[in-house]
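Chain residues, written in single-letter form:
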Amino acid sequence: MEQEPEKPVSKQKVYTLVVEVGRKAGDGLPDKATGAALVIYASGVDEAEAVRETVAVLKVADLAPLDVSGYGTLEERLAEGDEVPEEERELMQRALDENSVVVAQMTPFYD
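Residues numbered from 1 in each chain as written. Predicted model: local features only at pLDDT ≥ 70, side-chain atom pairs only at ≥ 80, totals over all residues. Heavy atoms only, no water.

Peer 1: Can you explain the layout of surface pockets? Please cite residues and give values.
Peer 2: In this structure, the largest pocket encloses a volume near 170 Å³. Only strand 1 (13-22), helix 2 (74-79) and helix 3 (86-98) provide two or more residues apiece to the lining of the largest pocket. Split by residue class, the lining of the largest pocket holds four nonpolar, three polar and three charged. (1 Å grid on protein atoms, 1.4 Å probe; cavity = no way out; pocket = protein on both sides within 12 Å on 5 of 7 lines; lining within 4 Å. Points joined across faces, edges and corners; volume = space filled by probe spheres on them. Helix = DSSP H or I, 4+ residues; strand = E, 2+ residues; numbered from the N terminus. Nonpolar A, V, L, I, M, F, W, Y, C, P; charged D, E, K, R; others polar.)

Peer 1: A description of the side chain of T16 should follow, citing residues and the corresponding values.
Peer 2: Relative to the assigned elements, T16 resides in strand 1. Residue class for T16 comes out buried when judged on its relative accessible area of 6%. (Buried < 20%, exposed > 50% of the residue type's maximum accessible area, 1.4 Å probe, protein only.)

Peer 1: Lay out the environment of A36 with the relevant residues and their values.
Peer 2: Following the sequence through the fold, A36 ends up in strand 2 (residues 35-44). Given a relative accessible area of 0%, A36 falls into the buried group. Remark: the alpha-carbon pair of A36 and T107, spanning 71 residues in sequence, is separated by 5.4 Å. Filtering out sequence-adjacent residues up to four positions away, A36 remains in contact with V19, E20, V21, L29, M106, T107, P108 and F109. (Contact = heavy atoms within 4.5 Å.)

Peer 1: If you had to explain the pattern of salt bridges to someone new, which residues and values would you point to?
Peer 2: Taken as a whole, this structure holds four salt bridges when the rule is applied. Of the charged contacts, one joins R23 and D27 as a salt bridge, the two residues approaching to 2.8 Å between their closest N and O atoms. Owing to a relative accessible area of 9%, D27 belongs among the buried residues under this scheme. A salt bridge links D82 to R77; the nearest nitrogen and oxygen atoms lie 3.3 Å apart. Judged by relative accessible area, which is 33%, D82 ranks as partly exposed. Owing to a relative accessible area of 9%, R77 belongs among the buried residues under this scheme. Residues joined by salt bridges that share partners form a network here, namely R77, D82 and E88. (Salt bridge = Lys/Arg side-chain N within 4 Å of Asp/Glu carboxyl O.)

As structure tokens, then:
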């Protein structure tokens, strides 16, 4: 009887990103908002890949990414002393399981 090959261990990690977006027609932001900040959990083999994938997904969603700040992986955040609630950890796990970009929070900006 042949053994099934072992699944390769995923090299993907989940990174916490904050993305600032500007206005664009059809972006779905509130009418008087001048932009927004999005807290995102994105998977990637490194942070650069997570950023590239996030920007690509946001552009497809008719958003206009202006700036991305990276806050590292869960392990890196914990090492920095961040408290990461269970609900955030669940969203991070979802991003890893689905190899996806998960928008956890959107905060509109107003002048």
